[in-house]
Amino acid sequence: MTKEKQMASRLPGTRIAGDRVTGKEKWLGYLLGPAGALLLNAVLATYLNVYYTDVLKLTTVWGGAFLVIFPIVSKIIDAVTNVIMGYIIDRTRTKEGKARPWLLLSAPLLAITGILLFTVPQASETVQVIWVMISYNLFYSFAYTIFNMSHNLMVPLSTRDTTARGGLSVFNQIATIMMSGILVALVFPMVIMPMVGVDQGKWIALMSTLSILALPLTLLEYFFTRERVTLEAQAAGEDQTIPLFGQLKAIFTDKYMLLIYIYFLIYTGGSCIKNISLVYFCNYVLGTYNDGITQTLVSAIGGIPMGIGIFAVWPLAKRFGKRNVTLAGFILYAIGSAVCWMFPHNMVMVLVGQFIKNTGGLPCAYVFMALFADVLDHMEWKTGFRSDGIAMSVYNIIAVAMVGVCTGIFNGWLAGAGYVAPEVVNGVTAAVTQSPSVQNVITFGFVGLEVFTGIILVVLLIFLNVEKGIGKKQEEIQERREKASYFK
């Protein structure tokens, strides 16, 4: 028995059988399963930078340069590991698929590295800086890269049925919305953050709990998903290994793939800056530090459309097309952001603007991965081979690199404007009133930038008409496969 077959025989099998997507697969594999890792990531996206600036007080390290340079450099490392991971996935051959096996490995890694992010020792500044750099890269460049690459490929590799694939994309996004739009956006600012404050011990206890929770739930995603597209290719004997250069050339010479990457980069950049700015905006522009009300209201009113969207978006996308509904949504997205930007100190107007903006963001949130899957099918039709792992590695490079780049940019804005971190006085967290220049950069980050990204995305989507003829292309792929099998 070959080493490859031995590895395959040791993998526990999926609990999902058959060619049709099942309800159990949707609820356990795509909704509940990813919830642990997505919750952990959502908390980190919103609060890790707050932990660095307010708890560890790293804003002034290296004259303010550390929190600018370190996230950007870390994302260069992350970009390299994403390409490596994509290369590995495309060359993984097991009876459980090529992406799912890596979910199994990511489960314990997420738990361990998530805890390390926050257990920074109370030592010298040099020791803390080294710990932060190592733990950050162990989580993002290693553990979360393995999870995110394999997790994001589950929808494209689940089935060729565009309707079923769209449904899985919606369920997958519901998990994200539940974590970031309900728990992190509503429960955390109102209940958790006032209790945690800037107490490092409480932060460690909280994040250790969330990190450990990710382990069993990620295993649930592994057991209740199935790679039908990969298994279909294996059954047809399509095991050819395409050189990395050939895959990259195919990806970066296809107009639809380039368009969807640019679209994702611009959207992610705006969203990252907004997410990082949220806590600061609610603490220093619209409300007071950790008042437990402002952030909850902004998130609740802005998040209501996300709940409604579960029932509305996919029927609209099926009728009018994923691209068309998303394009119309971004017009509302830009309008809502503009309303907030004009009245940043007015709670009512900010809430109205957030409601409009998030209504416009619904199609992108729920159907993007289905649209990306269409592009992958188009690529297979055009080239004769699939490049799922490498294509997803580029997608993930954009996702993770923008987090680091945007964190660095935002921290640079804060340092340049003269941000003053809160202090603990007699056991109570005391925060100063930030200067107008600090408030201005925070406001632009939270509500101003997305006026421009929304307009740019509307223009880009005009050209992203990959849905046109995708059904015919899938039929041709199947015909080629049947013809090839006949002559073998």
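Residues numbered from 1 in each chain as written. Predicted model: local features only at pLDDT ≥ 70, side-chain atom pairs only at ≥ 80, totals over all residues. Heavy atoms only, no water.

Student: Lay out the layout of surface pockets in plain terms, naming residues and giving numbers.
Tutor: To find leftover empty space, one rolls a probe the size of a water molecule over the atoms. In this structure, the largest pocket occupies an estimated 210 Å³ of space. Asp19, Arg20, Val21, Lys26, Thr159, Asp161, Thr163, Ala164, Gly167, Val170, Phe171 and Trp314 together form the lining of the largest pocket. Counting residues per element, the lining of the largest pocket draws most heavily on helix H8 (residues 162–196), at five residues. Residue composition of the lining of the largest pocket, grouped by class: five nonpolar, three polar and four charged. (1 Å grid on protein atoms, 1.4 Å probe; cavity = no way out; pocket = protein on both sides within 12 Å on 5 of 7 lines; lining within 4 Å. Points joined across faces, edges and corners; volume = space filled by probe spheres on them. Helix = DSSP H or I, 4+ residues; strand = E, 2+ residues; numbered from the N terminus. Nonpolar A, V, L, I, M, F, W, Y, C, P; charged D, E, K, R; others polar.)

Student: Quick rundown of the packing of aromatic side chains? Include the residues and the values.
Tutor: For the coordinates displayed, the defined rule picks out 38 aromatic pairs. Seen from their ring centres, Tyr263 and Phe368 are 5.5 Å apart, and the 25 degrees between their planes marks the pair as stacked. Of the two residues, Tyr263 is situated in helix H12 (residues 255–286) and Phe368 in helix H16 (residues 362–383); the sequence distance between them amounts to 105 residues. For Tyr263, a relative accessible area of 2% corresponds to the buried category. Judged by its relative accessible area of 8%, Phe368 falls in the buried class. With centroids separated by 5.5 Å and ring planes inclined at 45 degrees, the aromatic side chains of Phe372 and Tyr395 adopt a geometry described as tilted. Residue Phe372 is found in helix H16, and its partner Tyr395 is found in helix H17 (residues 388–417); the two are separated by 23 residues along the sequence. Residue classification places Tyr395 among the buried positions, given a relative accessible area of 8%. Between Lys75 and the ring centre of Tyr140, over which it is positioned, the NZ or CZ distance is 4.0 Å. Across the ring face of Tyr222, the terminal group of Arg100 is positioned such that the distance to the ring centre comes to 4.3 Å. (Phe/Tyr/Trp six-rings, centres within 6.5 Å; stacked < 30°, edge-to-face > 60°. Buried < 20%, exposed > 50% of the residue type's maximum accessible area, 1.4 Å probe, protein only. Lys NZ or Arg CZ within 6 Å of the ring centre and 35° of its normal.)

Student: Tell me about the pattern of salt bridges, and please be specific about residues and values.
Tutor: Inspection of the entire model under this criterion finds 17 salt bridges. With a shortest N-O distance of 3.2 Å, Asp254 and Lys382 are connected by a salt bridge. Of this pair, Asp254 sits in the loop between helix H11 (244–252) and H12 while Lys382 sits in helix H16, placing them 128 residues apart in sequence. One salt-bridge network, held together by shared partners, links Asp90, Lys98, Arg160, Arg165, Glu232, Lys322, Asp374, Asp377, Glu380, Arg386, Asp388 and Glu467. (Salt bridge = Lys/Arg side-chain N within 4 Å of Asp/Glu carboxyl O.)

Student: Break down the nonpolar core for me, with residues and values.
Tutor: Tyr52, Met257, Ile260, Tyr261 and Phe372 are the most contacted members of the largest nonpolar core, which has 137 residues in total. Non-local contacts of Met257, meaning those with residues more than four positions away in its chain, are made with Ile251, Phe372, Val375, Leu376, Met379 and Ala391. (Core = buried A, V, L, I, M, F, W, Y, C linked by side-chain atoms within 4.5 Å. Contact = heavy atoms within 4.5 Å.)

Student: Give me the side chain of Asp374: which residues, what numbers.
Tutor: With respect to the element layout, Asp374 can be found in helix H16. With residues up to four places along the chain from it excluded, the contact list for Asp374 reads Thr162, Arg165, Lys322, Val466, Glu467 and Ile470.

Student: Break down the packing of H11 against H17 for me, with residues and values.
Tutor: Running from N to C, H11 and H17 point in directions that differ by 60 degrees, and their axes come no closer than 9 Å. Considering their axes alone, H11 and H17 lie oblique with respect to each other. Crossing of H11 against H17: the hand is right-handed. Residues Leu244, Gln247, Leu248, Ile251 and Phe252 of H11 touch H17, and the partners they reach there are Ile390, Ala391 and Val394. Its residues assigned to classes, the contact of H11 with H17 shows seven nonpolar, one polar and no charged. (Axes fitted to C-alpha atoms, helices over the stretch in contact; angles between N-to-C directions. Parallel < 35°, antiparallel > 145°, perpendicular 65-115°, else oblique. Left-handed = near helix turned anticlockwise from the far one by under 90°.)

Student: Account for unusual backbone geometry, naming residues and giving values.
Tutor: The backbone phi angle of Lys57 is positive, close to 55 degrees, even though this residue is not glycine. Mapped onto the elements of the fold, Lys57 is located in the loop between helix H3 (35–55) and helix H4 (66–90). Of the residues examined, Lys57 reaches a relative accessible area of 32% and is grouped as partly exposed. Within the chain, Trp62 stands out as a residue other than glycine whose phi angle is a positive 60 degrees. By the element assignment, Trp62 lies in the loop between H3 and H4.

Student: Outline a nonpolar patch on the surface, supporting the account with residue identities and numerical values.
Tutor: Residues Leu183, Val187, Met190, Val191 and Met195 make up a contiguous nonpolar surface patch of roughly 400 Å² in combined accessible area. Secondary-structure assignment places Val191 in helix H8. (Patch = residues over 30% accessible without salt bridge, like charges linked within 9 Å, V, L, I, M, F, W, Y side chains within 5 Å. Areas by Shrake-Rupley, 256 points an atom, 1.4 Å probe, with all protein chains shown as cover.)

Student: Just give me the short version of H16, but keep the residues and values in it.
Tutor: Compared with the 32 Å implied by 1.5 Å per residue over 22 residues, the 32 Å span of H16 between its first and last C-alpha is a close match. At Phe368, H16 is deflected by roughly 55 degrees, the largest bend along its length. Downstream of H16 by one or two residues, Gly384 has phi in the positive range, about 90 degrees. (Expected span 1.5 Å × (residues − 1). Bend = angle between axes of the 7 residues up to and from the residue.)

Student: Residues and numbers for the environment of Trp381, please.
Tutor: Assignment of secondary structure puts Trp381 in helix H16. A residue is classified by how much of its surface remains accessible, and Trp381, at 26% relative accessible area, is partly exposed. With 95 residues separating them along the chain, Trp381 and Glu476 place their C-alpha atoms 7.3 Å apart. Within polar-contact distance, the side chain of Trp381 engages the side chain of Glu476 at 2.7 Å. (Polar contact = N/O pair within 3.5 Å; in protein donor to acceptor, adjacent residues only side chain to side chain.)

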